[in-house]
Amino acid sequence: MLTARCLSDDTLAHLEAAGHVCVLKDAFDFESPSEIANLILAENCEAALALHLYRGGRLLQGHRIPFGIIFGGTDVNEDANQEEKNTVMGRVLEEARFAVAFTESMKEMAQAQWKARQISLAVTRAVPVQPHAKGKIYVQSQGIATTPNAAFNWNTFLQRSEINQSADNLHIFLLICGLRQVKDPLYLVDAFSEWHQEEPSVYLVIAGPEVDPVFTREVKAKVRRAAGVRLIGEMPQEDLHAVVKNCFAVVNSSVSEGMSAAILEAMDLEVPVLARNIPGNAAVVKHEVTGLLFSNPQEFVHLAKRLLSEPALEKEIVVNGREYVRMYHSWQVERDTYQQLIRKLEGSTED
């Protein structure tokens, strides 16, 4: 089983638990389908599962192995608006045995997007409409299971992050994201830095892998000049969960999201969430119930100050967030769904 590296560790575990041997690869490591063809041959891959129709799916076309696709937020919120990418994604969806959307709204957007395109093509070519999204898209929210490292040393982490204050007086706001433009990690930097100069106990820590090298240089240059803002690299999942558990709040400032695992993991670990008010975030964060939603940097600072000064609000958000994750983001349900879907990749196309 060939899988995309950007799939979650849990998704990979679900496949391996069903007896599949998985080869995990990052779509960014491949420049052409021919490189994927060589990999498939070398590893004797019989099926594939990829995240993102365009980024991962386009590399799987035409290799005569069955594959499934998991929609990312970039697919329906960004790439679908570019005609060339939209065309490629429609073809990927047509060839895929199944596709997974995290929410009903994401499924509806995908169905509307590629049904409309099929109708347009049918009119142009005078052929019957074959809506290739129909019946293929399944809704499965992300299942969440957090495993913080019990041996993680918070004080050592603070020292490595060059935060030289007593942990008792600190309020760490943690932004977890890969360094690429769609995650917009610099969105809050100026406003937060200004707030830090008024209130030295607050820090913004940005954690995640260096996905886009050019943009990473821009982020590093900006953070170096910003008081109260720190940048750390990618961490093992157990260590990152330990950081989440120790921080004051988790922040999401993305321009586009499918469904943020970092938000859901924070809820599971009983840490409040402040998220940018975009559709993907608003689908899981109900304002003042399971988290706080902001529409600009100034509103973020206002809400962060509220969270610091209103312990009752913090407690209510934490309790509601944990309950929400338990009810709607079951790890076991996710496992059952993927193990059933993977069966669609077994046998011939006609099965």
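Residues numbered from 1 in each chain as written. Predicted model: local features only at pLDDT ≥ 70, side-chain atom pairs only at ≥ 80, totals over all residues. Heavy atoms only, no water.

- An unreviewed UniProt entry lists the protein chain under the name Glycosyltransferase 1 domain-containing protein 1, from Theropithecus gelada.
- Looking at the Sequence similarities (unreviewed entry) heading of the UniProt record, one finds this comment for the protein chain: "Belongs to the glycosyltransferase group 1 family. Glycosyltransferase 4 subfamily."
- Under the UniProt heading Subcellular location (unreviewed entry), the entry covering the protein chain gives this text: "Secreted". (UniProt positions renumbered as here; feature names shortened; annotations may be inferred.)

**With respect to unusual backbone geometry**
Excluding glycine, residues mostly have negative phi values, and the peptide bonds linking residues are mostly trans.
So, step 1. Positive phi outside glycine occurs at R64, with the angle close to 60°.
So, step 2. Structurally, R64 can be placed in the loop between β3 (48-51) and β4 (67-70).
So, step 3. Since its relative accessible area comes to 82%, R64 is described here as exposed.
So, step 4. Look at E162: it is not a glycine, yet its phi comes out positive at around 60°. (Helix = DSSP H or I, 4+ residues; strand = E, 2+ residues; numbered from the N terminus. Buried < 20%, exposed > 50% of the residue type's maximum accessible area, 1.4 Å probe, protein only.)

**Considerations on the nonpolar core**
So, step 1. Within the largest apolar cluster, 79 residues are counted, with the highest numbers of intra-cluster contacts made by F71, F157 and I172.
So, step 2. Here this core takes 5 residues from helix α10 (residues 261-268), the largest share from any one element.
So, step 3. Every residue in contact with I172, bar those within four places of it in the chain, is listed here: W154, L158, I163, Y203, V205, C247, F248 and A249.
So, step 4. Counting 32 residues, the second-largest nonpolar core is a separate cluster that includes Y187, F248, L313 and I317. (Core = buried A, V, L, I, M, F, W, Y, C linked by side-chain atoms within 4.5 Å. Contact = heavy atoms within 4.5 Å.)

**Considering the packing of helix α7 (residues 189-198) against helix α12 (residues 297-309)**
So, step 1. Remark: α7 packs on α12, axes separated minimally by 9 Å, with the N-to-C direction vectors making an angle of 40°. With respect to their mutual orientation, α7 and α12 come out oblique. Remark: the crossing between α7 and α12 carries right-handed chirality. Listed contacts from α12 to A191, F192, W195 and E198 of α7 are P297, F300, V301, A304, K305 and L308.
So, step 2. Partitioning the contact of α7 with α12 into residue classes produces 8 nonpolar, no polar and 2 charged. (Axes fitted to C-alpha atoms, helices over the stretch in contact; angles between N-to-C directions. Parallel < 35°, antiparallel > 145°, perpendicular 65-115°, else oblique. Left-handed = near helix turned anticlockwise from the far one by under 90°. Nonpolar A, V, L, I, M, F, W, Y, C, P; charged D, E, K, R; others polar.)

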